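Architecture at a glance
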Amino acid sequence: MFVARFVSPNLLHQFSGSIQLPELALRNRHTLLLLCFLILLAGTRVTPTRSDWERTFPHIDLNHFRFSDNFRLLIQLCWLALIKQNFTWQQWRLTRHLRAINQVISRFFTACRRFSATAVTAIDDQLEGQGVKRTANHFIPDSLLYIVLIVLTVLCLTVPFSITAQIVFVAVLAIVAASVRGVKGRLPNMLLIILSLIASCRYLWWRYSSTINWDKDLDMMLGLVLLMAETYSWMVLILSYFQTIWPLNRTPETLPDDPKTWPSIDLFIPTYNEELDVVRATVLAATAIDWPKDKLNIYILDDGKRDSFQAFAEQAGVGYIRRPTNEHAKAGNLNYALKQTHGDYVAIFDCDHIPTRAFFQVTMGRL
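First, a word on what this report is: a plain description of the structure on this page. (Residues numbered from 1 in each chain as written. Predicted model: local features only at pLDDT ≥ 70, side-chain atom pairs only at ≥ 80, totals over all residues. Heavy atoms only, no water.)

Moving on to the nonpolar core. In terms of nonpolar packing, the biggest core is built from 24 residues, with Leu-267, Ile-269, Ile-289, Trp-291, Leu-296, Ile-300 and Phe-360 touching the most fellow members. Elements supplying a minimum of two residues to this core: β1 (265–271), α11 (276–287), β2 (296–302) and α12 (307–316). Broken down by element, this core gets its largest block of residues, four residues, from α11. Among residues more than four places away in sequence, those in contact with Leu-296 are Ile-265, Leu-267, Ala-286, Ile-289, Trp-291 and Phe-360. Formed by six residues, the second largest nonpolar core is a distinct cluster that contains Phe-268, Tyr-299, Leu-301 and Leu-334. (Core = buried A, V, L, I, M, F, W, Y, C linked by side-chain atoms within 4.5 Å. Buried < 20%, exposed > 50% of the residue type's maximum accessible area, 1.4 Å probe, protein only. Helix = DSSP H or I, 4+ residues; strand = E, 2+ residues; numbered from the N terminus. Contact = heavy atoms within 4.5 Å.)

Here we come to the pairing of β1. Along β1, seven of the seven residues are buried, which leaves the element largely enclosed by surrounding structure. Where burial is concerned, the two faces of β1 agree: the one with Ile-265, Leu-267, Ile-269 and Thr-271 and the one with Asp-266, Phe-268 and Pro-270 are both buried. As judged from the seven bridges shared by β1 and β2, these two strands associate in the parallel manner. Across the sheet, Ile-269 pairs through a bridge with Ile-300, a residue of β2. (Pairing = 2+ DSSP bridges.)

A word on the packing of aromatic side chains. For the structure on display, the rule yields eight aromatic pairs. Here the aromatic rings of Phe-268 and Tyr-299 are separated by 6.1 Å at their centres, their planes lie at 70°, and the arrangement is edge-to-face. On the criterion of sequence distance, the pair formed by Phe-268 in strand β1 and Tyr-299 in strand β2 is long-range, its members being 31 residues apart. Plain terms: the ring middles of Trp-291 and Phe-360 are 6.0 Å apart, the flat faces sit at 70° to each other, and that makes the pair edge-to-face. On the criterion of sequence distance, the pair formed by Trp-291 in the loop between α11 and β2 and Phe-360 in helix α14 (residues 359–363) is long-range, its members being 69 residues apart. One aromatic cluster is present, built from ring pairs that chain together Trp-262, Trp-291, Phe-349, Phe-359 and Phe-360. Against the face of Phe-312 rests Arg-280, its NZ or CZ located 5.4 Å from the ring centre. Arg-306 extends its terminal NZ or CZ atom over the ring of Phe-309, reaching a point 3.7 Å from the ring centre. (Phe/Tyr/Trp six-rings, centres within 6.5 Å; stacked < 30°, edge-to-face > 60°. Lys NZ or Arg CZ within 6 Å of the ring centre and 35° of its normal.)

Next up, the structure:
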């Protein structure tokens with residue numbers, strides 16, 4: 001009804017005739033209301049031809065235009081304007097309006113990022129001890145803050161939302177995430193982690209409390225299996241956040257000026273049943289590490305006893321160690337290799353972890 005106020009039947013007939021729509025589409029003219037409204041809003045002076053529409057909207061059949069095609073049209077327009085941005089309509093002025101919308105959105109998020117950068121940086125400086133320090137006689141105890149935080153967290157994760165509230169909630173999370181993205185410091189990373197945990201925990205709570213059918217045995221078993229898999233993925237996500245939430249800002253120590261005084265390093269690459277193509281990339285990258293060649297000894301620890309790996313080690317000019325037995329798996333493989341080598345230091349790379357050239361110069365430090 002909102003669109004119908006802006007589109008007259010004469011305009012609809014004029015538009016449909018310009019692209020030579022069949023009579024079937026004219027009888028279903030209510031499905032073209034949104035389409036004509038977009039054309040009117042764009043302010044085009046030259047109506048697009050049928051070939052223009054078929055090239056721009058190949059997934060929409062104009063001979064059998066349905067009401068759902070309105071949404072496909074709108075999604076396609078948003079995609080062309082906000083993502084692709086490299087299409088050309090020589091006869092259409094719609095691009096000017098779409099680019100204007102894109103500029104408004106970009107300026108909005110740019111302003112949000114500037115504000116977030118200023119506020120987040122100030123808070124981050126305080127957390128790092130560079131700003132205002134917390135006084136001993138602060139009037140709010142830490143225990144009270146923790147209690148309030150826990151209560152608010154429980155309410156945020158467990159209270160059901162209406163459709164409108166859920167849309168607002170997701171929109172706020174998306175705007176905050178887009179605003180702090182790219183801001184330097186630990187606090188922006190923590191905020192993004194918190195937003196991710198809020199969304200994932202709400203989803204997991206909903207899965208546990210509202211989605212399991214306890215009345216039917218088969219539905220319950222299949223639902224619990226899927227729920228356990230999702231819970232495992234959520235736990236992996238939590239553990240990964242614990243590893244990255246507060247990284248140490250350590251500056252690398254410089255090495256002695258004379259490389260002859262640098263220590264010798266034995267670099268182990270253990271493997272068992274991986275393909276040679278996987279191990280080959282790691283070995284070749286290890287040979288390119290910036291370290292004195294006479295002080296870097298690379299070894300392939302082959303627990304799979306494969307002659308092809310031994311031949312590759314000889315070809316690449318690296319060491320090859322094969323133990324007679326396989327007890328204690330990877331730990332036993334490493335312990336056996338430690339008895340065969342005599343370097344000052346030992347570095348262990350998984351067979352699919354490719355090192356950077358400056359790895360040892362950054363990690364060894366002043367000796």
